[in-house]
Amino acid sequence: MTMSLWRCRGGSLMRHPHTRQVLMDMEQAVNMAFENGVNRGGFWNGMWRRQSIAELEHQYELKVELPGIPKDKINVERLGDQLKIFAEDKGADSLSRFEQVYNLPESADLAKIKANSADGVLTVRIPKTETHIESSKPVNVKVE
């Protein structure tokens, strides 16, 4: 499937030859990404991570696949009612990077968040509580 993003009728953006070529190159890269697939070495390879969020009886459980990133390169931080995960590992010829912010539910016990990294999967456990505790001060969560 090839889609045309930049075809304008008489648009001034398309009149300049350099701009037209840049936009056509971008269109080709996007089309290649979707034709090659996300995990088959295409344009988007390595940018998307499989994630899952589950609500269990006494806790929420967030799992993120971070293959090849050691746990000392993973930062989990609570910012008020949000959870921020940042992971980055620079190799000799590669860069693995992940950054995501999650909104925490009101029933989350913000003081008891635990994180664990094993076999390339980060698991964050967020216990539930009856009362909502609000805090705007950033708190780092130790990844075990």
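Residues numbered from 1 in each chain as written. Predicted model: local features only at pLDDT ≥ 70, side-chain atom pairs only at ≥ 80, totals over all residues. Heavy atoms only, no water.

A.B. asks: Any details on the confidence of the model for the protein? Residues and values, ideally.
C.D. replies: When pLDDT is averaged along the protein, the result is 75; 67% of the residues meet or exceed 70. Across residues 1-7, confidence stays below pLDDT 50; counting only partners more than four residues off in sequence or on other chains, it has 15 contacts. Overall, residues 36-46 carries pLDDT values under 50, and its contacts beyond four positions in sequence, including any with other chains, amount to 12 contacts. (pLDDT = per-residue confidence, 0-100. Contact = heavy atoms within 4.5 Å.)

A.B. asks: Any chance you could break down the sheet that holds strand 7 (residues 121-127) for me, citing the residues and the numbers?
C.D. replies: Taking strand neighbours across the sheet as the criterion, the 4 strands line up as 1-2-7-6 in an open arrangement whose pairing is antiparallel. Across the chains shown, the open sheet's two edge strands, defined by having one partner strand only, are strand 1 (51-55) and strand 6 (114-118). Strand-to-strand twist in this sheet, taken as the mean axis angle between neighbours without regard to direction, amounts to 15 degrees. Here strand 6 runs beside strand 7; their pairing, made up of 5 bridges, is antiparallel. (Pairing = 2+ DSSP bridges. Helix = DSSP H or I, 4+ residues; strand = E, 2+ residues; numbered from the N terminus. Axes fitted to C-alpha atoms, helices over the stretch in contact; angles between N-to-C directions.)

A.B. asks: Run through the packing of aromatic side chains, naming residues and quoting values.
C.D. replies: Inspection of the entire model under this criterion finds 0 aromatic pairs. For K128, the ring lying beneath its charged end belongs to Y60, and the centroid distance is 5.1 Å. (Phe/Tyr/Trp six-rings, centres within 6.5 Å; stacked < 30°, edge-to-face > 60°. Lys NZ or Arg CZ within 6 Å of the ring centre and 35° of its normal.)

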